[in-house]
Every structure is written in structure tokens, then in C-alpha cells.
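Tertiary structure, described
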Amino acid sequence: MAQRRGAGITIQRTGGAVALAALLVLAACATEPEDDGSGRPINFPQESEAIDLAETDLTLPLDSPLEISAVRERVSEGQVFENIYAFHDVKGFIRTSRVIFGHFSANTSRSLRHQGFFEAFADDLSAPRSAALDLGPAYRFQNGDRHTQGFYAFIGEDPYFDRCFVARIGYLLVDYASVPAADDSVDTIVEVFLCGELPPEEVLLAFLAQLKTVDDRDAYRHELSKRAIGTI
């Protein structure tokens, strides 16, 4: 029987950068880059099939502080199901990747725990980086669940770092009794790269702490119909 997971959120600042020269799993695929308004290009994930909000894998639209303009779905290598969100008035994307029955590999889970992998992920999102924009301090994302792991940071001009928000976080959203899970097992990875007029940090973090899978499709559709924010 599957059990749901969810909790509040705390924030912990990490130490210095970890130098890791390794290829990222689930590295962001890209089409032609688009400018974020300050000369910094944003690489967007490849296009995939457009879907209705009611067909999304996670309840992300119910809690989104940003108005969603489009959602696309694809199945990547290893039968990983992806939903890719774009937003009105904010450039960038949120990509959710889920293993429907099981977990991501141990190597993928371990990469979520290392700041160096997160910094490499942030560097790969757009290149070349503007000399005026830098990745700010990386913070460890925690929500009280031992399985949740990852980092987030802001990108901008020192000392404010408020132009863009980037995150890469792994969750265990469904705990199957028939599929043993290690302490660092995750079945969902959320990758975020958003630039523009963004909500406050605490709002973004609370949003990322509330992710759940859709259990009742009809009830989910009904809740979406009542949302002023989140609908396309």
C-alpha cells in the first residue's frame, strides 16, 4: 500500500562550493536560448506534447504562486515521466520528473546531496553567463522528510542575487511497501529556473514544500476549477 509524504520546511545554508567534474543525470535539454531581459540567455527544455492542467502528474498547479501559461509532457529515457511548466510574465521553467513505480538510481540520489552537482546544474542552464550576473549562495532545501534532498539559490548581481531562482530537489512522494526504499531514495525530481518578477523567497520555498501526487483525478479537476492562480 502506498503512503503519502509531506511536511513543513526549514532552511540551512551550506558551506563553500564542492568541485565536482561530472556529468549531470537528467541534464537540461535545450532549444534555442531566449534572453531573460538582461543579456543572460535561458535554455528551455525541448518541446513535448501539450496537456491540460488537470492531466498533470503532481498537484503543483494548486499551490503555484505563478500563473501557468502551458504544460507539456514527455517520457524520457528509463520511463521517467516529465511535466514541463511555463508561466505568464516570468521566463524559465519548472520541470518535474517522476519514476512512477520505484526510485531513481542511487547515483542520481547521491547527486542531489552534493552542492557541486547543483552548481554544475545551474551553470548548464544557460551559457555564457553575463559578467554582471552570478550564482548566489546555495542553500540546502529541507522539509522535514529524510528523503527530501537538494539545493536552491538565486542568480543576480552581488549582493542581492534576485534576478533568477534556481533549484534542484528530490522527493519520495509515494512509499510503496513492495519497493524497499533507502534513506536517500527519491521518486520525483523538481528542477526550477525562473527569472523576472518573482514571489518572495519564503513563498517559493513553501510552494516547493507542498508537492503531492494526484490521487483523485476528479477531485483534482474540481479544485483546479476554483483556482484564480494556476490556470492557463
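Residue positions are counted from 1 within each chain, in the order its sequence is given. Given that this is a predicted model, residues contribute local features only at a pLDDT of at least 70 and side-chain atom pairs are listed and counted only at 80 or more, while totals for whole chains, interfaces and linings are drawn from all residues. Note: side-chain values were computed over all heavy atoms of the structure, leaving out hydrogens and water.

1. Focus on the overall build of the protein chain
Helix and strand counts for the protein chain come out as five helices and 14 strands. When contacts within the protein chain are restricted to residue pairs at least 6 apart in sequence, long-range pairs at least 24 apart make up 66% of them. Surface accessibility of the protein chain: about 11,000 Å² in total, with carbon and sulfur atoms responsible for 50%. Numbering of helices and strands runs from the N terminus; a helix is a DSSP stretch of H or I covering at least four residues, while a strand is a stretch of E covering at least two. In this analysis, two residues are considered to be in contact whenever any of their non-hydrogen atoms come within 4.5 Å of each other. All accessibility values rest on the Shrake-Rupley procedure with a 1.4 Å probe; residue burial counts only the protein chains present in the view.

2. A look at the state of the cysteines
Two cysteine sulfur atoms form a disulfide, by the criterion used here, when they sit within 2.5 Å. For the structure on display, the rule yields one disulfide. A sulfur-sulfur distance of 2.0 Å marks the disulfide that ties C164 to C195. Its S-S torsion of about 110° marks the bond between C164 and C195 as right-handed, since a negative value means left-handed. A residue pair is termed long-range when its members are at least 10 positions apart, and C164 in strand β12 (residues 164-171) and C195 in strand β14 (residues 188-196) qualify at 31 residues. Its relative accessible area of 0% is what places C164 among the buried residues. The buried label goes to any residue with under 20% of its type's maximum accessible area, the exposed label to any with over 50%, and the partly exposed label to all in between, with areas taken from a 1.4 Å probe on protein chains only. C195 gets classed as buried once you look at its relative accessible area, which sits at 3%.

3. Notes on the nonpolar core
One finds I94, F165 and L208 to be the most contacted residues of the largest nonpolar core, which totals 34 residues. Sequence-distant contacts of I94, defined by excluding residues within four places in its chain, comprise L60, N83, I84, Y85, F87, V190, E191, V192, L194 and F207. Counting residues in hydrophobic clusters, the runner-up holds 16 residues, among them L133, A153, V166 and C195. The criterion is simple. A nonpolar core is a set of buried Ala, Val, Leu, Ile, Met, Phe, Trp, Tyr and Cys residues joined through side-chain atoms within 4.5 Å.

4. Considering the packing of aromatic side chains
Pairs of aromatic rings are described using the distance from one ring centre to the other and the angle between the two planes. A pair of Phe, Tyr and Trp rings is counted when the ring centres sit within 6.5 Å of each other, with Trp represented by its six-membered ring. The angle between the planes then sorts it: under 30 degrees is stacked, over 60 is edge-to-face, the rest tilted. Per the stated rule, a full pass over the model turns up five aromatic pairs. Plain terms: the ring middles of Y139 and Y152 are 5.6 Å apart, the flat faces sit at 25° to each other, and that makes the pair stacked. Pair noted here: Y139 is in strand β10 (residues 139-142) and Y152 is in strand β11 (residues 149-156), with a separation of 13 residues, a long-range link. Here Y139 falls in the partly exposed class, since its relative accessible area comes to 22%. Look at Y152 and you get buried, because its relative accessible area is 1%.

5. Quick look at the pattern of salt bridges
A pairing counts as a salt bridge when a side-chain nitrogen of Lys or Arg comes within 4 Å of a carboxyl oxygen of Asp or Glu. The tally for this structure, following the rule as stated, stands at seven salt bridges. The shortest N-O distance in the salt bridge between R95 and E191 comes to 2.5 Å. Highlighted residues: R95 in strand β8 (residues 90-99) and E191 in strand β14, separated in sequence by 96 residues. Neither residue differs from the other here; R95 and E191 are each classed as buried.

6. Remarks on the environment of T213
In this fold, T213 is placed in the loop between α4 (201-208) and α5 (217-225). Along the sequence, T213 and L60 sit 153 residues apart, while their C-alpha atoms lie 8.6 Å from each other.

7. Considerations on the pairing of β14
Along any regular strand the residues' side chains alternate between the sheet's two faces. In terms of burial, β14 is largely enclosed, as eight of its nine residues are buried. Looking at chain direction, β8 and β14 are connected through nine bridges and run antiparallel. Along β14, the bridge assignment pairs I94 with V192. In the sheet, β12 pairs with β14 via eight bridges, with the strands oriented antiparallel. For A167, the partnering residue across the bridge sits in β14 and is V192. A pair of strands counts as paired when DSSP detects no fewer than two bridges linking them.

8. Overview of the confidence of the model for the protein chain
What pLDDT conveys is the predictor's confidence in a given residue, as a value from 0 to 100. When pLDDT is averaged across the protein chain, the result is 78; 73% of the residues are at 70 or more. Across the protein chain, the element-wise mean pLDDT spans from 34 in strand β2 (residues 10-13) up to 96 in α4. Per-residue pLDDT stays below 50 along residues 1-40; that stretch engages in 115 contacts with residues further than four places along the chain or on separate chains.

9. Focus: α4
Side chains that are three or four residues apart share a direction in an α-helix, a result of its 3.6 residues per turn. If you check which residues of α4 are buried, you get L204, L205, F207 and L208. Along α4, the residues classed as buried sweep out an arc of 160° about the axis, all on the same side. What the arc covers is the set of directions going from the helix axis to the C-beta atoms.

10. Remarks on unusual backbone geometry
Despite not being glycine, D89 shows a phi value in the positive range, around 65°. Of note, D89 is situated in the loop between β7 (80-87) and β8. We classify D89 as exposed; its relative accessible area is 78%.

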